[in-house]
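Understanding the architecture of this molecule
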Amino acid sequence: MIRSIFRSIGVVLAGFITVAALSVITDRTLEATGVFPPAVHPEAYTAWMLALALGYRSIYTIAGGYLTARLAKSRPMRHVAGLMVLGGIGGVAGAVSGWNLGNHWYPVLLAATGPLFVWLGGKLFVTVSRA
(Lines give C-alpha, C1' and ligand atoms only; values in the text may rest on other atoms or scores of the structure.)
Protein backbone atom coordinates (compact mmCIF):
# COMPACT_ATOMS: atom_id res chain seq x y z
CA MET A 1 0.00 0.00 0.00
CA ILE A 2 2.69 2.53 1.02
CA ARG A 3 4.84 1.42 -1.91
CA SER A 4 1.92 1.99 -4.26
CA ILE A 5 1.41 5.51 -2.92
CA PHE A 6 5.08 6.39 -3.39
CA ARG A 7 5.00 4.92 -6.89
CA SER A 8 1.97 7.03 -7.75
CA ILE A 9 3.67 10.16 -6.40
CA GLY A 10 6.73 9.29 -8.50
CA VAL A 11 4.62 8.86 -11.63
CA VAL A 12 3.02 12.29 -11.16
CA LEU A 13 6.37 13.90 -10.39
CA ALA A 14 7.89 12.30 -13.51
CA GLY A 15 5.27 14.01 -15.66
CA PHE A 16 5.79 17.33 -13.87
CA ILE A 17 9.58 17.18 -14.12
CA THR A 18 9.37 16.25 -17.79
CA VAL A 19 7.29 19.32 -18.62
CA ALA A 20 9.52 21.60 -16.54
CA ALA A 21 12.79 20.21 -17.87
CA LEU A 22 11.74 20.36 -21.51
CA SER A 23 10.48 23.92 -21.04
CA VAL A 24 13.67 25.13 -19.36
CA ILE A 25 15.93 23.39 -21.90
CA THR A 26 14.01 24.95 -24.79
CA ASP A 27 13.98 28.37 -23.14
CA ARG A 28 17.75 28.27 -22.56
CA THR A 29 18.41 27.03 -26.09
CA LEU A 30 16.36 29.86 -27.58
CA GLU A 31 18.17 32.35 -25.33
CA ALA A 32 21.60 30.95 -26.26
CA THR A 33 20.82 31.20 -29.98
CA GLY A 34 19.55 34.78 -29.67
CA VAL A 35 15.91 34.01 -30.47
CA PHE A 36 14.86 35.03 -26.94
CA PRO A 37 16.45 37.76 -24.82
CA PRO A 38 18.40 36.69 -21.73
CA ALA A 39 16.24 35.45 -18.84
CA VAL A 40 17.35 38.43 -16.75
CA HIS A 41 15.31 40.67 -19.13
CA PRO A 42 11.83 39.09 -19.23
CA GLU A 43 10.30 42.49 -19.99
CA ALA A 44 11.96 42.29 -23.43
CA TYR A 45 9.79 39.36 -24.52
CA THR A 46 7.46 40.35 -27.34
CA ALA A 47 4.06 38.85 -28.08
CA TRP A 48 5.38 36.49 -30.76
CA MET A 49 8.05 35.18 -28.36
CA LEU A 50 5.46 34.50 -25.71
CA ALA A 51 3.16 32.86 -28.28
CA LEU A 52 6.04 30.60 -29.35
CA ALA A 53 6.77 29.71 -25.71
CA LEU A 54 3.07 29.01 -25.12
CA GLY A 55 3.07 26.71 -28.15
CA TYR A 56 6.00 24.53 -27.18
CA ARG A 57 5.03 24.50 -23.52
CA SER A 58 1.56 23.30 -24.53
CA ILE A 59 3.10 20.43 -26.51
CA TYR A 60 5.35 19.56 -23.57
CA THR A 61 2.35 19.62 -21.23
CA ILE A 62 0.52 17.15 -23.46
CA ALA A 63 3.66 14.98 -23.40
CA GLY A 64 3.76 15.18 -19.60
CA GLY A 65 0.16 14.00 -19.36
CA TYR A 66 0.86 11.19 -21.81
CA LEU A 67 3.96 10.08 -19.89
CA THR A 68 2.14 10.17 -16.57
CA ALA A 69 -0.65 7.97 -17.93
CA ARG A 70 1.85 5.62 -19.56
CA LEU A 71 3.88 5.15 -16.38
CA ALA A 72 0.82 4.50 -14.22
CA LYS A 73 0.36 0.78 -13.55
CA SER A 74 -3.35 1.30 -12.93
CA ARG A 75 -5.87 4.13 -13.16
CA PRO A 76 -3.87 6.28 -15.56
CA MET A 77 -6.40 9.11 -15.59
CA ARG A 78 -6.35 9.30 -11.80
CA HIS A 79 -2.60 9.90 -11.99
CA VAL A 80 -3.19 12.44 -14.75
CA ALA A 81 -5.66 14.20 -12.44
CA GLY A 82 -2.90 14.43 -9.84
CA LEU A 83 -0.62 16.04 -12.42
CA MET A 84 -3.43 18.41 -13.40
CA VAL A 85 -3.71 19.58 -9.78
CA LEU A 86 0.06 19.89 -9.29
CA GLY A 87 0.51 21.69 -12.61
CA GLY A 88 -2.49 23.91 -11.93
CA ILE A 89 -0.99 25.01 -8.62
CA GLY A 90 2.32 25.68 -10.35
CA GLY A 91 0.59 27.61 -13.12
CA VAL A 92 -1.29 29.85 -10.72
CA ALA A 93 1.86 30.41 -8.64
CA GLY A 94 3.75 31.34 -11.82
CA ALA A 95 1.03 33.75 -12.92
CA VAL A 96 0.96 35.45 -9.53
CA SER A 97 4.74 35.71 -9.20
CA GLY A 98 5.22 37.00 -12.75
CA TRP A 99 2.28 39.38 -12.81
CA ASN A 100 4.44 42.50 -12.57
CA LEU A 101 6.35 41.54 -15.73
CA GLY A 102 3.48 42.61 -18.01
CA ASN A 103 1.85 40.61 -20.83
CA HIS A 104 -0.74 39.22 -18.43
CA TRP A 105 -2.33 37.06 -21.11
CA TYR A 106 0.68 34.71 -21.18
CA PRO A 107 0.74 33.45 -17.57
CA VAL A 108 -3.05 33.40 -17.48
CA LEU A 109 -3.20 31.22 -20.59
CA LEU A 110 -0.46 28.94 -19.25
CA ALA A 111 -2.36 28.45 -15.99
CA ALA A 112 -5.73 28.05 -17.71
CA THR A 113 -4.69 25.66 -20.47
CA GLY A 114 -2.18 23.57 -18.53
CA PRO A 115 -4.69 21.22 -16.88
CA LEU A 116 -6.56 20.82 -20.19
CA PHE A 117 -3.39 19.84 -22.04
CA VAL A 118 -2.35 17.42 -19.27
CA TRP A 119 -5.78 15.78 -19.54
CA LEU A 120 -5.46 15.68 -23.34
CA GLY A 121 -2.09 13.90 -23.09
CA GLY A 122 -3.50 11.34 -20.66
CA LYS A 123 -6.57 10.77 -22.82
CA LEU A 124 -4.32 10.36 -25.86
CA PHE A 125 -2.41 7.57 -24.11
CA VAL A 126 -5.59 5.83 -22.96
CA THR A 127 -7.09 6.02 -26.45
CA VAL A 128 -3.94 4.80 -28.22
CA SER A 129 -3.30 2.00 -25.73
CA ARG A 130 -6.84 0.65 -26.18
CA ALA A 131 -6.69 0.72 -29.99
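Parameters and conventions
Residues numbered from 1 in each chain as written. Predicted model: local features only at pLDDT ≥ 70, side-chain atom pairs only at ≥ 80, totals over all residues. Heavy atoms only, no water. Core = buried A, V, L, I, M, F, W, Y, C linked by side-chain atoms within 4.5 Å. Buried < 20%, exposed > 50% of the residue type's maximum accessible area, 1.4 Å probe, protein only. Helix = DSSP H or I, 4+ residues; strand = E, 2+ residues; numbered from the N terminus. Contact = heavy atoms within 4.5 Å. Phe/Tyr/Trp six-rings, centres within 6.5 Å; stacked < 30°, edge-to-face > 60°. Patch = residues over 30% accessible without salt bridge, like charges linked within 9 Å, V, L, I, M, F, W, Y side chains within 5 Å. Areas by Shrake-Rupley, 256 points an atom, 1.4 Å probe, with all protein chains shown as cover. Salt bridge = Lys/Arg side-chain N within 4 Å of Asp/Glu carboxyl O.

With that settled, the discussion passes to the nonpolar core. If you look at the biggest cluster of nonpolar residues, it comprises 10 residues: L30, F36, Y45, M49, L50, A53, L54, Y56, Y60 and Y106. Considering every element that reaches this core, the biggest residue donor is helix α2 (residues 47-71), with 6 residues. Excluding residues that lie within four positions of it along the chain, L50 makes contacts with Y45, N103, W105 and Y106.

Attention now moves to the packing of aromatic side chains. Applying the stated criterion across every chain, the model contains 4 aromatic pairs. Considering the side-chain rings of W105 and Y106, the 6.1 Å spacing of their centres and the 85 degrees angle between planes classify their relative orientation as edge-to-face.

The next thing to look at is a nonpolar patch on the surface. Nonpolar side chains collect at one region of the surface, where M1, I2, I5, F6, I9, L13, F16 and I17 lie side by side and expose about 840 Å² of accessible area between them. One can find M1 in the segment before α1 (2-32). For M1, a relative accessible area of 78% translates into the label exposed.

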